[in-house]
Amino acid sequence: MGIESFDTRLTPLTIRNPETGRLLTANVYTIEGVEGTFSMGQLVFAICASIAIDREEELVAIMNDIDKATDKLKGLTDIQAALIDWFNTAGVNDKLNPSTLNVSIAYEGTSYTGDSWRAFLVDDCEMLPSEVPTGTTLTRDEVEALIDSISDKMDSYNAINNEQLIQMQSETAKRDQAFDLLTNVLKSFNNQLVGNANNL
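Overview of the structure. Fair warning: this is a prediction, and the values are worked out from it, not measured in the lab.

Moving on, we get to the overall build of the protein. Helix and strand counts for the protein stand at three helices and seven strands. The order of α-helices and β-strands along the protein, N terminus first, is β-β-β-β-β-α-β-β-α-α. The buried share of the protein, taken over its 200 residues, is 32%. For the protein, long-range pairs separated by at least 24 residues make up 62% of all intrachain contacts whose partners lie at least 6 apart in sequence. Only carbon and sulfur atoms are counted for the fraction: they give 50% of the accessible area of the protein, which is about 12,400 Å².

Using the criterion set out here, one finds nine salt bridges in the structure. In this structure, the salt-bridge partner of R55 is E58, at a minimum N-O distance of 3.4 Å. Taken together, the residues span about one helical turn, with R55 and E58 both in helix α1 (residues 40-89) at a distance of three residues. A residue is classified by how much of its surface remains accessible, and R55, at 25% relative accessible area, is partly exposed. For E58, a relative accessible area of 35% puts it in the partly exposed group. Notably, a salt bridge pairs E171 with K174, separated by 3.9 Å at the nearest N-O pair. Of this pair, E171 and K174 both sit in helix α3 (residues 140-198), three residues apart, which is roughly one turn of the helix. Given a relative accessible area of 9%, E171 falls into the buried group. When salt bridges that share partners are traced, they join R55, E58, E171 and K174 into one network.

Here the focus is the nonpolar core. Ranked by size, the top nonpolar core spans 28 residues in total, and within it I79, L83, W117, L121 and I150 carry the most contacts. Elements supplying a minimum of two residues to this core: α1, β6 (104-107), α2 (117-124) and α3. Take this core: its biggest share by element is eight residues, from α1.

All right, on to the side chain of K153 then. Structurally, K153 can be placed in helix α3. No salt bridge is formed by the buried K153. Its closest oppositely charged neighbour is E126, at 4.9 Å.

Each value, and the rule that gives it
- Residues numbered from 1 in each chain as written.
- Predicted model: local features only at pLDDT ≥ 70, side-chain atom pairs only at ≥ 80, totals over all residues.
- Heavy atoms only, no water.
- Helix = DSSP H or I, 4+ residues; strand = E, 2+ residues; numbered from the N terminus.
- Buried < 20%, exposed > 50% of the residue type's maximum accessible area, 1.4 Å probe, protein only.
- Contact = heavy atoms within 4.5 Å.
- Areas by Shrake-Rupley, 256 points an atom, 1.4 Å probe, with all protein chains shown as cover.
- Salt bridge = Lys/Arg side-chain N within 4 Å of Asp/Glu carboxyl O.
- Core = buried A, V, L, I, M, F, W, Y, C linked by side-chain atoms within 4.5 Å.
- Lys, Arg positive; Asp, Glu negative; His and termini not counted.

Right under this line is the structure:
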């Protein structure tokens, strides 16, 4: 049975067949692949609950992605700040020993200290290996190029974060609508039960 839409404002609860547009009015329904039969109310409730749960899961996934991007941005910011600090205080001919860079990053259960900040850039922030110098010492030109590459990556994550925030707002509205619909279904059930009790 295909189900496209249902309207909880109608009494009793109704579901329309998307192919014919007709109201489905049987007392009992079966769902392919599910054992047992369902009343109209049970069917509507199951659909509403499924929609609400799906929306909630989508929202949680987006929020997790935003948290990850935020953590990456923090790590990138710390590395860039340390590189800029070295660049501004080092002499023209000085070289940077990567293991002496004063950064400590924690990302998804992994701690990056000493020279391992370069692994964070490549493995977790998806920077190209060619953008991250691998030598035991780095020249000022290499440090300057790396600072620029980190800026580009930060801009990219900021843009992604902005898109995800917009998506999160949209999904939040959809989630709220789904739970409002579920609440309305429950109210409708209660009203029917009260009505039936009053008729006894």
